[in-house]
Amino acid sequence: MMERESLLRSAMETYGDTVYRLALCRTQSVPDAEDVYQDVFLKLLGQTAQAWEGEHLKAWLIRTTLNRCADLRRFRLRRQAVPLESAADLSRLDEDAAELWEAVGQLPEKLRIPIHLYYAEGYRTEEIGMLLGVPAATVRTRLRRARGKLKDILGGAEDGIEPLPELE
C-alpha cells in the first residue's frame, strides 16, 4: 500500500496541475474540475501496482481525465460556465496571454481541447490524435480552425502579410 501512496503523491505533484487545467478547460466549471481531479487520482490509487514510466503515466492521466469529463457531461445537468480567467494559473500571466486564454475558452470544445494539449501541455499532433481517438490530420485541421477562430475573436491581422502592390 505504501508504494501506491508514493506513486499517488508523486503523480499529484508532477501532473496535478495538468489534470486540473485540462479538466477546467474541458468542463469550464471549477467544481466539476475539482471533482474530476479527485476522481482521476482516486482511480490511480486503485490501480494495480505496475511500472509507470513518466510519459505513460501522464498519457494515462490525461486519457482518464478526458473520459471522466465526458462522463460528467453525460450524467450531469449542464452547469454555468466559468470564465478561464478564474483559473489560478491565469493570474500569473501577462495581460496579452490572459486575453488569449480567455479567447481559447470561447472556442467549441472540439477546438479548445487540442489547443490546450498542443500549446499548454506540449503534445505533438500524433499524440493528441491518440488521446482523442482521432487521426493526426484531424487534430491539425482542428488546430488550424481554432487558430482562425482565435484570430477572429482577437481581431488579428491576416498573418501580418501585406497585399502585393498592383502592377501598372
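Conventions used here
Residues numbered from 1 in each chain as written. Predicted model: local features only at pLDDT ≥ 70, side-chain atom pairs only at ≥ 80, totals over all residues. Heavy atoms only, no water. Helix = DSSP H or I, 4+ residues; strand = E, 2+ residues; numbered from the N terminus. Buried < 20%, exposed > 50% of the residue type's maximum accessible area, 1.4 Å probe, protein only. Contact = heavy atoms within 4.5 Å. Areas by Shrake-Rupley, 256 points an atom, 1.4 Å probe, with all protein chains shown as cover. Patch = residues over 30% accessible without salt bridge, like charges linked within 9 Å, V, L, I, M, F, W, Y side chains within 5 Å. Salt bridge = Lys/Arg side-chain N within 4 Å of Asp/Glu carboxyl O. Arc of directions from axis to C-beta. Axes fitted to C-alpha atoms, helices over the stretch in contact; angles between N-to-C directions. Parallel < 35°, antiparallel > 145°, perpendicular 65-115°, else oblique. Nonpolar A, V, L, I, M, F, W, Y, C, P; charged D, E, K, R; others polar. pLDDT = per-residue confidence, 0-100.

A.B. asks: What is the right way to look at the overall build of the protein in this model?
C.D. replies: Within the protein, the regular secondary structure consists of seven helices and zero strands. Going residue by residue from the N terminus, the α and β elements of the protein occur as α-α-α-α-α-α-α. Burial status across the protein gives 36% buried among its 168 residues. When contacts within the protein are restricted to residue pairs at least 6 apart in sequence, long-range pairs at least 24 apart make up 66% of them. As presented, the protein carries roughly 10,800 Å² of accessible surface, and 51% of it is formed by carbon and sulfur atoms.

A.B. asks: What exactly am I supposed to notice about a nonpolar patch on the surface here?
C.D. replies: Taken together, the side chains of Leu100, Ile153 and Leu154 present a nonpolar region at the surface, about 210 Å² in accessible area. Along the polypeptide, leucine 154 turns up in helix α7 (residues 136-154). Residue class for leucine 154 comes out partly exposed when judged on its relative accessible area of 35%.

A.B. asks: In this structure, what is going on with helix α6 (residues 125-132)? I would like to understand it.
C.D. replies: Residues that lie three or four places apart on an α-helix share one face, since the helix turns once every 3.6 residues. By the burial criterion, the buried members of α6 are Thr125, Ile128, Gly129 and Leu131. All buried residues of α6 lie within an arc of 165 degrees about the axis, which places them on one face of the element. A positive phi of about 75 degrees marks glycine 133, the residue just after α6.

A.B. asks: Just to check I follow, could you spell out the pattern of salt bridges for this structure?
C.D. replies: Should their charged atoms come close, side chains of opposite charge can pair. By the definition in use, this model includes seven salt bridges. Arginine 140 is the salt-bridge partner of glutamate 126, the closest N and O atoms lying 3.7 Å from each other. Of this pair, glutamate 126 sits in helix α6 while arginine 140 sits in helix α7, and the two are 14 residues apart along the sequence. In this structure glutamate 126 comes out as partly exposed when scored by relative accessible area, which is 38%. By relative accessible area, which is 40% here, arginine 140 ends up partly exposed.

A.B. asks: Before we go on, may I ask you to explain the packing of α6 against α7 in this structure?
C.D. replies: Between two packed helices, both the angle of their axes relative to each other and the distance between the axes serve to describe the pair. Packing of α6 against α7 brings their axes to within 8 Å, and their N-to-C directions diverge by 105 degrees. Here α6 is positioned roughly perpendicular relative to α7, judged by the angle of their axes. Packed against α6, whose contacting residues are Thr125, Glu126, Ile128 and Gly129, the element α7 presents Ala136, Val139, Arg140 and Leu143 at the interface. Split by residue class, the contact of α6 with α7 holds four nonpolar, two polar and two charged.

A.B. asks: Can you walk me through the confidence of the model for the protein in this structure?
C.D. replies: Regions with low pLDDT should not have their predicted coordinates read in detail. Per-residue pLDDT for the protein averages 79, and the proportion of residues at 70 or more is 75%. The low-confidence segment residues 77-82, where pLDDT is below 50, has seven contacts with residues more than four positions distant or belonging to other chains. Counting interchain partners and residues more than four positions distant, the pLDDT-below-50 stretch residues 160-168 has zero contacts.

A.B. asks: Quick question: what am I supposed to make of the packing of helix α5 (residues 109-120) against α7 here?
C.D. replies: Running from N to C, α5 and α7 point in directions that differ by 100 degrees, and their axes come no closer than 9 Å. Compared by their axis directions, α5 and α7 come out roughly perpendicular. Residues Lys110, Leu111, Pro114, Ile115, Tyr118 and Tyr119 of α5 lie in contact with α7, whose contacting residues are Val139, Arg142, Leu143, Arg145, Ala146, Arg147, Lys149 and Leu150. Broken down by class, the residue content of the contact of α5 with α7 amounts to nine nonpolar, no polar and five charged.

A.B. asks: Help me understand unusual backbone geometry in this model?
C.D. replies: The bulk of non-glycine residues show a negative phi, and the bulk of peptide bonds are trans. For glutamine 28, which is not a glycine, the phi torsion comes out positive at approximately 55 degrees. Here glutamine 28 shows up in the loop between α1 (2-27) and α2 (30-45).

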